[in-house]
Amino acid sequence: MRISLIPLLAGAALLLGTTASFAEDALRPQVGEPLQNAQTALKSKNYREALADVDAAEKVGGLTPYESYIIDRMRAAAATGAGDEATAIKAYEAAMASPKFPAGEKLQTYDVMAKLAYAGKNYTKSAELIRKYRAAGGTSAQTLGLLPQTLYLANDLGGAQEELNAQLATLEKAGQKPTETQLEMLASIAVKKKDNAGYIAALEKLVAYYPKPNYWLDLITRTANKPGFSPRLTLDTYRLKKATDTMLKTEDFMEAAQLALQAGFPGEAQQYVNLGYDKKLLGTGPDAARHKRLKDLVDKKVAEDKPALAAGDKEAATQASGDALVNAGLNHVGYGDAANGVKLIEQGIKKDALKKPDEAKLHLGYAQMMAGQKDAAAKTLRTVQTPDGSIELARLYILMLRQH
């Protein structure tokens, strides 16, 4: 980060003179002459030469408080231009400690010092100065926004996380969008702290604001790998992957199709197989024959099942439990008939005799989403509470709904 000279430093140069007066706010000639030379060098951007002239003025000795103050300001200007951040910061601090330092320049000086420390990779010092800037009333979003990053780079992960969360809360309250960099940093902090829950929370924010496939895939994978996540919901994770276009491997399509067949949803299995072939992840390579056998099996099951859908729905309605109707509804969704699927699942839930009531609600929300009933889907999904993976998947579906 390159810091340009700021207007407040020019004021110091204007105070230089060759007067022989020993008044409080005057420079002795032997001090003023090298500082005049420093001023000329600064104007020519000969910053190293300016630093040498400032040093010559300081060597005169017996400096008055005013002379010391002007020397510190000139040294700060020259060191800033020369890229000597440590010398510049030290000189700024000395100048600010003088009663001659104008109170109105305090904020701007803290700002420049903080950025100089950052440029010099003194991140602990940069964070300290940004906090002083804020305490003095500084409000620059650019400067304050640098604080979490300086703390992160200083390895103060707790401080970085606290500052970042506070800034994100302020942005979201104001209806503003956090930057992708802020959210990636939040995720990185969680990784360094080995905080899996914090990392998932950061990923959820990333997919909410920046729904890239790589964020979605990471989020779905980590959610499915959480302790207590039921293997029974594996097919549901594939539904989510399909909806977010994050099925990237041949085995994704193979396993999803097989799970759908096992669950009694050949229409859904056919969707996975066809998509795999469309993406040229099935039907090619050394396992092409195995892919073809699965495709043939799926096509055979669809040919057997589809004509019997109506009869299957009637049979499901006679069952005491609503589970059969929920499954019948999901089967319709797999065939692309989500509207009828919603109706059947709703009928199953109304029977109030379900083995997994929240899982049925999850599937209803999914069916409503596939039917384009977004508001109804979000309302249904918010009622899912079981912590076996159902509530986590419901939350991810809600995130999806907010993006469309």
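(A) The overall build of the chain, seen in detail. Within the chain, the regular secondary structure consists of 23 helices and zero strands. Computed over C-alpha atoms, the radius of gyration of the chain comes to 34 Å, more than 25% over the 22 Å expected from 2.2 N^0.38 for 404 residues, which places it beyond the range of a compact globule. Counting only C-alpha atoms, the chain reaches 110 × 50 × 30 Å along its principal axes. For the chain, the computed accessible surface area is about 19,500 Å², with 53% contributed by carbon and sulfur atoms. Side-chain charges in the chain split into 52 positive and 47 negative, and the spacing between the mean points of these groups amounts to 2 Å.

(B) Representation of the packing of aromatic side chains. Scanning the entire structure with this criterion turns up two aromatic pairs. Here Tyr-366 and Tyr-397 contribute two aromatic rings whose centre-to-centre distance is 5.9 Å and whose plane-to-plane angle is 40 degrees, an arrangement assigned as tilted. Here Tyr-366 is found in helix 21 (residues 357–370), whereas its partner Tyr-397 is found in helix 23 (residues 390–402), with 31 residues between them in sequence. On the basis of relative accessible area, Tyr-397 is assigned to the buried category, the value being 0%.

(C) Spatial organisation of unusual backbone geometry. Phi at Lys-45 takes a positive value of approximately 65 degrees, unusual for a residue other than glycine. Tracing the backbone through its elements, the reader meets Lys-45 in the loop between helix 2 (29–43) and helix 3 (47–58).

(D) Summary view of the nonpolar core. In this structure, Leu-35, Trp-216, Leu-219, Tyr-272, Leu-362 and Tyr-397 are the most contacted members of the largest nonpolar core, which totals 112 residues. Each residue touching Tyr-397, except ones within four places of it in the same chain, is listed here: Asp-236, Arg-239, Leu-240, Leu-362, Tyr-366, Met-369 and Leu-381.

(E) Main features of the packing of helix 21 against helix 22 (residues 374–381). Viewed as axis vectors pointing N to C, helix 21 and helix 22 meet at an angle of 165 degrees, and their least axial separation amounts to 8 Å. Between helix 21 and helix 22, the crossing angle belongs to the class labelled roughly antiparallel. Between helix 21 and helix 22 lies a crossing whose hand is left-handed. Across the interface between the two elements, Lys-361, Leu-362, Leu-364, Gly-365, Tyr-366, Gln-368 and Met-369 from helix 21 touch Ala-376, Ala-377, Thr-380 and Leu-381 from helix 22. Of the residues contributing to the contact of helix 21 with helix 22, the split by class is seven nonpolar, three polar and one charged.

(F) Just helix 15 (residues 250–263), in detail. With 14 residues, helix 15 should reach 20 Å at 1.5 Å per residue; the first-to-last C-alpha distance of 20 Å fits that figure. Taken residue by residue, helix 15 has Asp-252, Phe-253, Met-254, Ala-256, Ala-257 and Ala-260 as its buried positions. Where helix 15 is buried, its residues meet helix 14 (234–243), helix 16 (266–278) and helix 17 (288–305). At the exit of helix 15 stands Gly-264, carrying a positive phi of roughly 90 degrees.

(G) How the structure looks around the pattern of salt bridges. Evaluation of the coordinates by the stated rule reveals 26 salt bridges. The partner of Arg-239 in a salt bridge is Asp-236, with the nearest N and O atoms 3.1 Å apart. With Arg-239 and Asp-236 both in helix 14, this residue pair falls three residues apart, about one helical turn. By the burial criterion, Arg-239 is buried, and Asp-236 matches it. Several salt bridges converge on common partners, so that one network encompasses Glu-93, Lys-125, Glu-128 and Lys-132.

What counts, and where the lines are drawn
- Note on numbering: residues in each chain are counted from 1, in written sequence order.
- Given that this is a predicted model, residues contribute local features only at a pLDDT of at least 70 and side-chain atom pairs are listed and counted only at 80 or more, while totals for whole chains, interfaces and linings are drawn from all residues.
- With hydrogens and water set aside, each side-chain value is computed from the structure's full complement of heavy atoms.
- What counts as a helix is a DSSP run of H or I of at least four residues, what counts as a strand is a run of E of at least two, and both are numbered from the N terminus.
- Values of the radius of gyration come from C-alpha atoms, whereas the globule rule sets the reference at 2.2 Å times the count of residues to the power 0.38.
- Using a 1.4 Å probe, accessible areas were evaluated by the Shrake-Rupley method; residue-level cover was limited to the displayed protein chains.
- The charge count treats Lys and Arg as positive and Asp and Glu as negative. His and the chain ends do not count.
- Where a charge lies is defined by one atom per residue type: Lys uses NZ, Arg uses CZ, Asp uses CG and Glu uses CD.
- Centres within 6.5 Å are what make two rings of Phe, Tyr or Trp a pair, Trp counting through its six-membered ring; a difference in plane orientation under 30 degrees is then read as stacked, over 60 as edge-to-face, and the rest as tilted.
- Buried, partly exposed and exposed residues are distinguished by accessible area as a fraction of the type maximum, computed with a 1.4 Å probe on protein chains only: under 20%, between the cut-offs, and over 50%, respectively.
- Grouping buried Ala, Val, Leu, Ile, Met, Phe, Trp, Tyr and Cys residues that are joined through side-chain atoms within 4.5 Å yields what is termed a nonpolar core.
- By the convention used here, residues are in contact when the closest approach between their heavy atoms is within 4.5 Å.
- The axes are straight lines fitted to the C-alpha atoms, using for helices just the contacting stretch, and the angles between their N-to-C directions are given from 0 to 180°.
- Under this scheme an angle from 65 to 115 degrees is roughly perpendicular, one under 35 degrees roughly parallel, and one over 145 degrees roughly antiparallel; angles in between are oblique.
- Put simply, a crossing is left-handed when the front helix is turned counterclockwise from the back one by less than a right angle, and right-handed when it is turned clockwise.
- Just so you know the grouping, Ala, Val, Leu, Ile, Met, Phe, Trp, Tyr, Cys and Pro go in nonpolar, Asp, Glu, Lys and Arg go in charged, and all remaining residues, Gly too, go in polar.
- The span you would expect from a helix comes to 1.5 Å times its residue count less one.
- Salt bridge criterion: a side-chain nitrogen from Lys or Arg within 4 Å of a carboxyl oxygen from Asp or Glu.

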